[in-house]
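For reference, the chains in residue letters:
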Amino acid sequence: MSIALVTGANQGLGRAVAALLAQRLEAGSTVYVTGRNAERVAEAAAAIPGAEPLVLDVSDDASVAAAARLIEERHGGLDLVVSNAAARRDPERTDAETIREFVNTNNLGTTRMIREFGPLVRTGGRFLVVASAFGSLRYLDPSLHHLFDTETQDLADIDRVMLDYADLVEAGKDRDAGWPASINYPSKIGQVASTRIFARTDGERRGIFIGAVCPGLVDTAASRPYFADMSQAQTPEAAAVDVVSLAVDPIVPAFAGQLVQHLRVIGWTAE
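What counts, and at which threshold
Residues numbered from 1 in each chain as written. Predicted model: local features only at pLDDT ≥ 70, side-chain atom pairs only at ≥ 80, totals over all residues. Heavy atoms only, no water. Helix = DSSP H or I, 4+ residues; strand = E, 2+ residues; numbered from the N terminus. Rg over C-alpha atoms; globule rule 2.2 N^0.38 Å. Buried < 20%, exposed > 50% of the residue type's maximum accessible area, 1.4 Å probe, protein only. Contact = heavy atoms within 4.5 Å. Pairing = 2+ DSSP bridges. Axes fitted to C-alpha atoms, helices over the stretch in contact; angles between N-to-C directions. Parallel < 35°, antiparallel > 145°, perpendicular 65-115°, else oblique. Left-handed = near helix turned anticlockwise from the far one by under 90°. Nonpolar A, V, L, I, M, F, W, Y, C, P; charged D, E, K, R; others polar. Expected span 1.5 Å × (residues − 1). Bend = angle between axes of the 7 residues up to and from the residue. Salt bridge = Lys/Arg side-chain N within 4 Å of Asp/Glu carboxyl O. Phe/Tyr/Trp six-rings, centres within 6.5 Å; stacked < 30°, edge-to-face > 60°.

## Details of the overall build of the protein chain
Summing up its helical and strand segments, the protein chain has 7 helices and 8 strands in all. Relative to its length of 271 residues, the protein chain is compact, with a C-alpha radius of gyration of 17 Å against a globular reference of 18 Å. Along the three orthogonal principal directions, the C-alpha set of the protein chain runs to about 55 × 40 × 35 Å. Out of the 271 residues in the protein chain, the part that is buried amounts to 54%. In the protein chain, of all internal contacts separated by at least 6 residues, the share reaching a separation of at least 24 is 69%.

As structure tokens, this is what we get:
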């Protein structure tokens, strides 16, 4: 029996991943459906056999820590984490108005989950970060690549880089410093960088699989404002298939510490 936890699981892709995990994990397993809103989390969990609701706000230190302690007290650890929660961009708000919440949820939220739940993953377990194909240095000016040196840095370094980047965006100085026009690229690069660092420091040493996954374009409320044509977008249920494959199917060693889309590695560097 496995203990699994999915963040941002009360809607969209996260909910579809939790539902499919409940089907594919062995009988008697528990899937924790988590999110910020207790009512919505309870409603989502009630619709998934074998699921349990848990309030967990990845943007809040205390909330993540409390959820981790609850899992530790109940189960002594867990076997799978799917870190999926993300802040949406709002077309009605500027990047300067959005960036602080965006970084706090998507980037610091990722490192909060790694710090609190990473140590609870049992030997043979898995920790997946849902990111994007944009999480590659090929989308970043070479002058900034040193900020994401995942072979030498730690998670605190990435947190500082992303907070400094947020400062630049709020001040309107990010483009002058060489950053891309969209805040989505740096945020996804930061997520994948954190995943790579976690894999380097903990993966092989502790016998756990750590990786990032891009589900591709998914037809959700968060995506629709930014794409005029959604005809090729996947439903959340279709997109969940590849994510869950990485979570439960036999491990592909080449995927460890990498960003994977449709079961293929997306290179970290431009080469």
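## Quick word on the sheet that holds strand β2 (residues 30-35)
Adjacent strands of a sheet form backbone hydrogen bonds with each other and so pair up, either parallel or antiparallel. If you trace the 8 strands from one edge of the open sheet to the other, you get β3-β2-β1-β4-β5-β6-β7-β8, paired in mixed fashion. Each edge of the open sheet carries a strand with a single partner, namely β3 (51-55) and β8 (264-266). Put simply, the sheet's adjacent strands are angled 25 degrees from each other on average, direction ignored. Where strand β1 (residues 3-6) lies against strand β4 (residues 78-83), 3 bridges are found, and the strand directions are parallel. Bridging across to β4, V6 finds its partner in V82. Across the sheet, helix α2 (residues 38-46) is in contact with β2 and β3; its angle to β3 comes to roughly 170 degrees. Strand contacts of helix α6 (residues 184-206): β5 (121-130), β6 (209-214) and β7 (259-261), with the helix running at about 155 degrees to β6, the strand carrying the most contacts.

## What to know about the packing of helix α1 (residues 12-24) against helix α7 (residues 236-248)
Between α1 and α7, whose axes approach to 8 Å, the crossing angle comes to 55 degrees. Our classification of the angle between α1 and α7 gives oblique. Here the hand of the crossing between α1 and α7 comes out right-handed. On the side of α1, the interface is formed by G12, L13, A16, V17, L20, L21 and R24, while α7 contributes P236, E237, A239, A240, V241, V243, V244, S245, A247 and V248. Residues belonging to the contact of α1 with α7 are distributed by class as follows: 13 nonpolar, 2 polar and 2 charged.

## Looking at α7
The first and last C-alpha atoms of α7 sit 18 Å apart over 13 residues, in line with the 18 Å expected at 1.5 Å per residue. When the local axis directions of α7 are compared, the greatest deviation, roughly 30 degrees, occurs at D242. Buried residues along α7 sit in contact with α1, β4, β5, β6 and β7.

## Some details on the environment of T98
Tracing the chain through its elements places T98 in helix α4 (residues 95-117). The class of T98 is buried, set by a relative accessible area of 3%. A C-alpha to C-alpha distance of 9.4 Å links T98 and A166, two positions 68 residues apart in sequence. With near-sequence residues (within four places) excluded, T98 lies in contact with R88, R89, R93 and I183.

## With respect to the pattern of salt bridges
Within the structure shown, the criterion is met by 15 salt bridges. The shortest N-O distance in the salt bridge between D249 and R24 comes to 2.7 Å. Pair noted here: D249 is in the loop between α7 and β7 and R24 is in helix α1, with a separation of 225 residues, a long-range link. A residue is classified by how much of its surface remains accessible, and D249, at 22% relative accessible area, is partly exposed. A residue is classified by how much of its surface remains accessible, and R24, at 42% relative accessible area, is partly exposed. Between D79 and R122 there is a salt bridge whose closest N-O contact spans 3.2 Å. Note that D79 is positioned in strand β4 and R122 in strand β5, a separation of 43 residues in sequence. For R122, a relative accessible area of 29% corresponds to the partly exposed category.

## Some thoughts on the packing of aromatic side chains
Counted by the stated rule, this structure contains 6 aromatic pairs. With centroids separated by 5.6 Å and ring planes inclined at 80 degrees, the aromatic side chains of F134 and Y139 adopt a geometry described as edge-to-face. We classify F134 as partly exposed; its relative accessible area is 29%. Residue class for Y139 comes out partly exposed when judged on its relative accessible area of 34%. Among the aromatic residues, those joined into a ring-pair cluster are F134, Y139 and Y185.

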